[in-house]
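Read off the chains here:
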Amino acid sequence: MFPNNAFMNAHEYFYYKLRNVTHDEDPTNTTSTWFIKRQIREDAPTELQANFEAYLTVYGSIACVLGSILNVFATKSLSNSTRMVWGHLLVVVVFIPTIALTFINFDDDQSFFFNLSMGLISIACFGSLGMMAGGVLGLSALFPPKYTQAVMIGQSFAGVLAALMSILCQAVTSDVILNGQMYFGFSLLMCFISLATYYYLTTLTPPIELEDVDGLIENEEDVQGFDGDNEVSIEAQASHFPPIDSEISSENQEEEGQNWTMYTDIIKKSAIDLTTISVVLIVTLAAYPGLTSLVHSTSRNHTWNSYFSAVASFLLYNCGDLIGRSSANSLRLPRKYLLCIAFLRFLLIPMIAMCNVAPRAHTHAMIPYDGVFILLVILLSISHGFCITNATIGATMSIEKESRELAGSIISLIGVTAAMMGGVLGVLIIKLI
């Protein structure tokens, strides 16, 4: 999740690259954060600035869909490790030229920089949210629900970390160029840390919960591996779990490839949960980050204005999302209630659109209050985290154990497809207001 969040939160850097260069009357302060914010607030953002987050969501979502399709159909033919390593490599390939672009002046051809950035973002999303996210979710689906929840919490924490990094970089330096270099450099470092952590994960023997012992241990010799302390010995576990990076035999691949009903069965059994996930993501991506990032504070406090978007839009949303995902396992709701909440969230879109969004060409701000906007972001984020985590756990638990890894990949594919639809809806809303 971190690459996508990194590009979302580096908006100050991209706003500078896409600024109105005819207003560069003070070259010394042109790269200052406050100069960029003042230019957007007083002179209105350029078309490229106003559309950046929305197009980032659309381009990134399309790439995620393509990556998730590849991940679904490669689940039975390529090992989890193969998909994960290639996903990491794609992200590394993206961040190296992204850092290089911070040293190049694109004032004479901002459209080229915009299109190039969208291409790099798409490749990063293809490898991360497309291949890596689906692979990890599929792997966690093989274990009890708390492991799926842990993955969902990890996704949300990536957003919190990215938002904090954005705020920290702004606090350390007001130079948006140096800000972007620090931010993308840290993102590249995070990718290497992630790859090292995954490699360490592949060396571990998967744990077995007490509730799974009866179904996994079949003979007396295996029972001797149970030590009575809620654990099963390495020897007993190894006989039931292949290594994470093991591949399925060609014979099994052929059998699975002919059995297309497996895909339809998974979708039928988890239809309500998949619908909930889709509706939740459509609403969220229609509002965040494309619409919420355009909301400006009405306060006269200079410091609050400087950090308003980073705090009220990005950090607050990701913290609320983290709270929602963390509380999902403590409060489980029936599927029909989750689906109702998901549809009720559509009401949040027009309410956020009525906040102090700028620029707007066809309507006027009807709710120009910072406090109301913050409340709407809290409702959007907590409901997103709570509903999507509950629905994801419900979807994976409704599938037989032998099909759960594939189910996790399918859930990821449907999720990113819904996110793409939400991103497109968000662009249309921005055009309409």
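Computed from a prediction, not measured in an experiment: that's the story for all the values here.

### Concerning the packing of helix α4 (residues 47-74) against helix α6 (residues 110-140)
In the contact formed by α4 and α6, the axes pass within 7 Å of each other and the chain directions differ by 35°. Judged by the twist between their axes, the crossing of α4 over α6 is right-handed. Looking at side-chain class alone, the contact of α4 with α6 contains 16 nonpolar, ten polar and no charged residues.

### Examining unusual backbone geometry
Most of the time, phi is negative for any residue but glycine, and the peptide bond is trans. Each neighbour pair has its own omega, and for Tyr-288 with Pro-289 the value is 0°, a cis peptide bond. As for its position among the elements, Pro-289 is in the loop between α14 (271-287) and α15 (302-327).

### Notes on a nonpolar patch on the surface
A contiguous nonpolar patch, built from Ile-62, Leu-66, Ile-69, Phe-73 and Trp-260 and spanning about 500 Å² of accessible area, is present on the exposed surface. Along the chain, the position of Trp-260 falls in the loop between α12 (250-258) and α13 (261-269).

### Topic: α13
Taken residue by residue, α13 has Met-262, Tyr-263 and Ile-266 as its buried positions. Summarising the axial view, the buried residues of α13 lie within an arc of 105°, below the 170-degree limit, and thus occupy one face.

### Brief notes about the packing of aromatic side chains
Under the counting rule described, the total for this entry stands at 23 aromatic pairs. When the centroid spacing of 5.8 Å and the interplanar angle of 40° are considered together, the rings of Phe-73 and Tyr-263 count as tilted. Taken together, the residues Phe-73 in helix α4 and Tyr-263 in helix α13 connect sequence positions 190 residues apart. Look at Phe-73 and you get partly exposed, because its relative accessible area is 47%. Judged by its relative accessible area of 17%, Tyr-263 is buried. Measuring from ring centre to ring centre gives 5.8 Å for Tyr-288 and Phe-314, while their planes differ by 65°; the resulting arrangement is edge-to-face. Here Phe-314 lies in helix α15 and Tyr-288 lies in the loop between α14 and α15, a separation of 26 residues in the sequence. Of the residues examined, Phe-314 reaches a relative accessible area of 0% and is grouped as buried. An aromatic cluster is present here, built from Phe-7, Tyr-13, Phe-14, Phe-52, Phe-95, Phe-106, Phe-112, Phe-113, Tyr-183 and Phe-184 joined pairwise through their rings.

The rules behind the values
Residues numbered from 1 in each chain as written. Predicted model: local features only at pLDDT ≥ 70, side-chain atom pairs only at ≥ 80, totals over all residues. Heavy atoms only, no water. Axes fitted to C-alpha atoms, helices over the stretch in contact; angles between N-to-C directions. Helix = DSSP H or I, 4+ residues; strand = E, 2+ residues; numbered from the N terminus. Left-handed = near helix turned anticlockwise from the far one by under 90°. Nonpolar A, V, L, I, M, F, W, Y, C, P; charged D, E, K, R; others polar. Patch = residues over 30% accessible without salt bridge, like charges linked within 9 Å, V, L, I, M, F, W, Y side chains within 5 Å. Areas by Shrake-Rupley, 256 points an atom, 1.4 Å probe, with all protein chains shown as cover. Salt bridge = Lys/Arg side-chain N within 4 Å of Asp/Glu carboxyl O. Buried < 20%, exposed > 50% of the residue type's maximum accessible area, 1.4 Å probe, protein only. Arc of directions from axis to C-beta. Phe/Tyr/Trp six-rings, centres within 6.5 Å; stacked < 30°, edge-to-face > 60°.

These values are about where atoms sit, not about what they do.
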